[in-house]
Amino acid sequence: MSSHSSSKSATMTARATASTTAATKRCSPAFDVLFFPLASLFTFLTLFVGNWFDSIKATGELGGLYPNQKACEGYRARVWANENVGEPRQIIGISRGQVIVLDRLNARVLLLRDVNDDGHISNENEAGEMVVLVTKEGINHGVAIDFEGKFLFASDPRNVYRWPIEIDDELKMIAERPITSECTIVIESMSEDSVDAVSGSTAYGHSTRTIVISTKLDEMYIQVGSIGNVDSNPYRAGIRRVDMSRLRTTISEPIDYRTLTYLANGVRNTVGLAIDPLNEMQMFGVDNGPDRMERNGLDVHSNNPGEEVNVFDLSKSDVFYGYPYCASEYDLGTDEAIGKKAQFMWTGPNRDFSATHSDEWCRNTTNNKPPEVVDFGHSAYLGITFFNCSSALPFSGNGTFDCEDHHGDAFVAYHGSWNRIPATGYKVTKMKMEGVGTTRKLTGEIMNVLWNEGTYAPKWPTGFRPVSTAFESIHGKLLISSDSSGEIVILEKVNSEEANSTSSGGTSSQPIVTIVISVIMSSVFFT
């Protein structure tokens, strides 16, 4: 595995060209005034136009190797599904190779299965490898299967919906045909905000609602993110729980989400949730921190607060995890710095909690449960899953992840920063676990498993932005959804001589674009 590394700037070519231009003989007094604006324009055009061309040209062929990839030693990524999956968000690997996908673009729940075992989902769908189970306007992320009650659940910003489904009890397979029954709203009012915001408006706040079902406790957990960057209180940003028996009965009136008990409160936007398969009494969540953090008037937001991995003890309720009053240090870079995971009172524009909270308050674990792991700020964790080699049916065939190396470890999708310069994230990592049973915990070791080190790194020329991770149940390969590039990538083990190879299906156009713009800029401005 490669060691965890920080993001690299993608502007080396532009800087080198600008430096060469600066050394060129100056022909007029106006040059001194025009040089820096023109150099900035040149850099912008180089990167913007290069990215635009790459977004068109750098694509991977279905079933082929993924372009520009860097994978951990002995593994490689291929395109598993693309044209027909819209904007795939949450994915779930279930029995016999079936995969459930929430397509946000078309507001659908898809059932995918590689029927002919050729390593990808056919775009022509000749073998019936893709089934549209349901379509419901507004559903945008959350999806879950209740095998006990035989229901499919999906969420939009306001509601959780339920459909009856046919399940083979012996094979644990879902019937591979569309669901014709009407849906039922079982939970409502998930976008109702606290008293200082516009009540019920989905135009405010994070809109995804992750849903997870515990088969051990027979409960559902529903996550709702914050209203804004930093709210005035923790009311909305949390995870609530409901007994599945309430969701399986005839529903005359939907359950009001606000009446449900908190599992965890004060988690800003924990989009990724996964129950530990080797200790089903704990659930892990990956949380996205706010922007614009300051300390004593200094802007420290570039690296802080760190993105968090929190652990939720399912035997407890209403545990507070800090938001919005507290934030986790990744690297303050000031004299105040303590180190990763250190807790500080939030300080930044528009929010002042000093009348009721302090650094000391945040560091008191009776007030605030700190995270288990903190990683680079603004990486935008969106998905987490575990590799479990102790399932009832052992993995078979080629490409299976190595059980000795990865059994029980967590795999996390980093969607990537939206406005940080340089960017960070845009990758998948493995977070190492240790211990057995109730002693299982994260070690803090983080290793890259799929990332880009080429042009525009860490961003991908394809627009690849990982959202959700899940293991396919037959071969034990890792599936990774990407909403912005509209595809699902599969990471698999290969022979050492084949690993880390790149596809001819995608190429980077930045060198060509740089040369073209250089010629134009030179002829127009510097002659």
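Residues numbered from 1 in each chain as written. Predicted model: local features only at pLDDT ≥ 70, side-chain atom pairs only at ≥ 80, totals over all residues. Heavy atoms only, no water.

### Here's the deal with the overall build of the protein
Then step 1. Along its length, the protein carries six helices and 36 strands.
Then step 2. Pairs at least 24 residues apart make up 63% of the contacts formed inside the protein by residues separated by at least 6 positions.
Then step 3. By element, 51% of the accessible surface of the protein is carried by carbon and sulfur atoms, the whole surface being about 22,100 Å². (Helix = DSSP H or I, 4+ residues; strand = E, 2+ residues; numbered from the N terminus. Contact = heavy atoms within 4.5 Å. Areas by Shrake-Rupley, 256 points an atom, 1.4 Å probe, with all protein chains shown as cover.)

### Things to note about the state of the cysteines
Then step 1. For the structure shown, the criterion picks out two disulfides.
Then step 2. Between the sulfur of C326 and that of C362 lies a disulfide, 2.1 Å long from S to S. A torsion of -85 degrees about the S-S bond marks the disulfide between C326 and C362 as left-handed. Linking C326 in strand 25 (residues 326-328) with C362 in helix 4 (residues 359-363), this pair joins segments that are 36 residues apart in sequence. (Disulfide = S-S within 2.5 Å.)

### Comments concerning unusual backbone geometry
Then step 1. Residue P324 is bonded to the preceding Y323 through a cis peptide linkage, with omega at 5 degrees.
Then step 2. Within the secondary structure, P324 is located in the loop between strand 24 (319-320) and strand 25.
Then step 3. The peptide bond linking I421 to P422 adopts the cis configuration, its omega dihedral lying at -5 degrees.
Then step 4. Here P422 is to be found in the loop between strand 31 (410-414) and strand 32 (427-434).

### Quick look at the sheet that holds strand 15 (residues 219-224)
Then step 1. Read from one edge to the other, the open sheet built from five strands follows the order 14-15-16-18-24, with strand pairing classed as mixed. Strands with a single pairing partner mark the edges of an open sheet, and in this sheet they are strand 14 (211-214) and strand 24.
Then step 2. One ladder, built from four bridges, connects strand 14 with strand 15; its direction is antiparallel. Residue pairing for strand 15: I211 is matched across the bridge by I222. (Pairing = 2+ DSSP bridges.)

### Topic: the sheet that holds strand 8 (residues 143-146)
Within a sheet, each strand pairs with its neighbour through backbone hydrogen bonds, oriented either parallel or antiparallel.
Then step 1. Pairing is mixed across the open sheet formed by five strands, whose spatial order is 8-9-10-13-17. In this open sheet, the two strands that pair with only one neighbour each are strand 8 and strand 17 (255-256).
Then step 2. Inspection of the sheet shows strand 13 (residues 184-188) paired to strand 17 by two bridges, in the parallel sense. Bridge pairing in strand 17 places E188 opposite D256.

### Some points on the packing of aromatic side chains
Then step 1. Summed over all chains, the structure comprises 19 aromatic pairs.
Then step 2. With a centroid separation of 5.1 Å and an interplanar angle of 70 degrees, the aromatic rings of F312 and Y321 are classed as edge-to-face.
Then step 3. We classify F312 as buried; its relative accessible area is 1%.
Then step 4. Their ring planes at 90 degrees and their centres at 5.1 Å tell us that Y325 and F353 sit as a pair that is edge-to-face. A residue pair is termed long-range when its members are at least 10 positions apart, and Y325 in the loop between strand 24 and strand 25 and F353 in the loop between strand 28 (351-352) and helix 4 qualify at 28 residues.
Then step 5. For Y325, a relative accessible area of 15% puts it in the buried group.
Then step 6. Taking the relative accessible area as the measure of exposure, F353 reaches 7% and is therefore buried. (Phe/Tyr/Trp six-rings, centres within 6.5 Å; stacked < 30°, edge-to-face > 60°. Buried < 20%, exposed > 50% of the residue type's maximum accessible area, 1.4 Å probe, protein only.)

### Quick word on the pairing of strand 31
Then step 1. In terms of burial, strand 31 is a largely internal element, five of the five residues being buried.
Then step 2. Neither face of strand 31 is open: one carries A410, V412 and Y414, the other F411 and A413, and all of them are buried.
Then step 3. Looking at chain direction, strand 30 (residues 381-386) and strand 31 are connected through five bridges and run antiparallel. Following the sheet pairing, G383 is matched in strand 31 by A413.

### What about the nonpolar core?
Side chains of a nonpolar character, in soluble globular proteins, are inclined to be buried together.
Then step 1. Counting 21 residues, the largest nonpolar core has F401, L450, L478 and L491 as its most contacted members.
Then step 2. Looking at this core, the elements that each hand over two or more residues are strand 3 (75-81), strand 33 (441-452), strand 35 (478-482) and strand 36 (487-493).
Then step 3. When sequence neighbours within four positions are dropped, the list of residues in contact with L491 reads A71, Y75, R76, A77, F401, V449, K477, L478 and I480.
Then step 4. In terms of nonpolar packing, the next biggest core, distinct from the first, is built from 20 residues, I94, L102, V131 and I165 among them. (Core = buried A, V, L, I, M, F, W, Y, C linked by side-chain atoms within 4.5 Å.)

### Quick look at the side chain of E307
Then step 1. If you trace the backbone, E307 turns up in strand 23 (residues 307-313).
Then step 2. Look at E307: it is buried, it has no salt bridge, and the nearest opposite charge is R268 at 6.7 Å.
Then step 3. From its side chain, E307 meets the backbone nitrogen of A380 in a polar contact 2.7 Å long.
Then step 4. Excluding residues within four positions of it along the chain, E307 makes contact with D287, N288, G289, V373, V374, D375, F376, G377, H378, S379, A380 and Y381. (Lys, Arg positive; Asp, Glu negative; His and termini not counted. Salt bridge = Lys/Arg side-chain N within 4 Å of Asp/Glu carboxyl O. Polar contact = N/O pair within 3.5 Å; in protein donor to acceptor, adjacent residues only side chain to side chain.)

### Quick word on the pattern of salt bridges
Then step 1. Going through the model one piece at a time under the given rule, you end up with 21 salt bridges.
Then step 2. Notably, a salt bridge pairs E492 with R78, separated by 2.7 Å at the nearest N-O pair. Remark: R78 occurs in strand 3 and E492 occurs in strand 36; sequence separation between them is 414 residues. Taken as a pair, E492 and R78 share a single burial class, namely buried.
Then step 3. Here the salt bridges do not stand alone but share partners, grouping R76, R78, K477 and E492 into one network.

### Looking at the confidence of the model for the protein
Then step 1. The pLDDT averaged across the protein works out to 84; a share of 80% of its residues lies at or above 70.
Then step 2. Confidence over residues 2-40 falls short of pLDDT 50; this stretch has 44 contacts with residues more than four positions distant or in other chains.
Then step 3. For the stretch residues 194-203, pLDDT sits under 50, and the model shows 21 contacts to residues farther than four places along the chain or on other chains. (pLDDT = per-residue confidence, 0-100.)

### A word on the environment of H120
Then step 1. When you line up the elements, H120 lands in the loop between strand 6 (108-112) and strand 7 (130-135).
Then step 2. Expressed as a C-alpha distance, the spacing of H120 and I490, which sit 370 residues apart in the sequence, is 8.7 Å.

### Re the environment of N388
Then step 1. Within the secondary structure layout, N388 lies in the loop between strand 30 and helix 5 (403-406).
Then step 2. Residues N388 and S473 lie 85 residues apart in sequence; the distance between their C-alpha atoms is 9.8 Å.
Then step 3. Beyond its immediate sequence surroundings of up to four residues, N388 is in contact with P277, L278, F395 and H407.
Then step 4. For N388, the side chain forms a polar contact with the side chain of S390, separated by 2.6 Å.

### Here we look at the pairing of strand 16 (residues 238-243)
Then step 1. In terms of residue burial, strand 16 counts as a mostly covered element, since five of its six residues are buried.
Then step 2. Of the strand pairs in this sheet, strand 15 and strand 16 are connected by six bridges, and their pairing is antiparallel. The partner of Q223 across the bridge, within strand 16, is I239.
Then step 3. For strand 16 and strand 18 (residues 261-265), the ladder comprises four bridges, and the chain directions are antiparallel. The partner of I239 across the bridge, within strand 18, is A264.

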